[in-house]
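Below are the chains, spelled out letter by letter.
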Amino acid sequence: MRSAGVLHADTEILVPFFDVDTMHVVWHGHYVKYLEVARCALLDKIGHNYTHMVESGYAWPIIDLQLRYVRGAVFGQQLNVRASLVEWENRLKINYLITDLGTGERLTRASSVQVAVDVSNREMQLASPKVFTDAVERMLR
């Protein structure tokens, strides 16, 4: 069972026509875009989004991304994408759950892992920068 995380953000997405393929379902690559929208909402909620990350001197590239497709979403379907913070002290791990907004049916689950990289020297950090962990800790209080 996947961890529910300590913080989460929900994002609603209406599947646009240009995201579906000839099978009339969302092309698999577009799910990554939906995860990014939810991840940005979670980082905004934490108060340390990508703009803050760059301003603090760190980039956060994704080093691992896993998706499990259960059922394809279709044009016009209203989705809920939940991003849940699972790890933050040494790396940023987020679990995702994409469900049908109306029925709650699970469509896709995923996880992403990001690490901090010092922009000045491109060195990967073995622990998350204090500025980020402090932001998370403030939200947890």
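Residues numbered from 1 in each chain as written. Predicted model: local features only at pLDDT ≥ 70, side-chain atom pairs only at ≥ 80, totals over all residues. Heavy atoms only, no water.

In the annotation of an unreviewed UniProt entry, the entry for the protein reads Acyl-CoA thioesterase, and the organism field reads Pseudomonas hamedanensis. Among the UniProt annotations of the protein, the heading Sequence similarities (unreviewed entry) holds the following wording: "Belongs to the 4-hydroxybenzoyl-CoA thioesterase family." (UniProt positions renumbered as here; feature names shortened; annotations may be inferred.)

Enquirer: Give a description of the pairing of strand β4 (residues 78–87) that names residues and reports values.
Expert: Taken together, the eight bridges between strand β1 (residues 7–14) and β4 define a ladder with antiparallel strand orientation. Bridging across to β4, E12 finds its partner in N80. As paired strands, β4 and strand β5 (residues 92–100) are joined by eight bridges and run antiparallel to one another. What sits directly across from L85, in β5, is I94. Where β4 folds back onto β5 in an antiparallel hairpin, the turn is made up of four residues. (Pairing = 2+ DSSP bridges. Helix = DSSP H or I, 4+ residues; strand = E, 2+ residues; numbered from the N terminus.)

Enquirer: Any chance you could break down the side chain of S84 for me, citing the residues and the numbers?
Expert: Tracing the backbone shows S84 in strand β4. Apart from residues no more than four positions distant in its own chain, S84 is found in contact with A4, G5, L7, H8, L42, K93, I94 and N95. (Contact = heavy atoms within 4.5 Å.)

Enquirer: So what about the environment of E123? Which residues, and what values?
Expert: For E123, the location among the structural elements is in the loop between β7 (117–118) and α3 (130–140). What makes E123 partly exposed here is its relative accessible area of 47%. Between the C-alpha atom of E123 and that of Y58, which follows or precedes it by 65 residues, the distance is 9.7 Å. Those residues in contact with E123 that sit more than four places away from it in its chain are A116, V117 and D118. (Buried < 20%, exposed > 50% of the residue type's maximum accessible area, 1.4 Å probe, protein only.)

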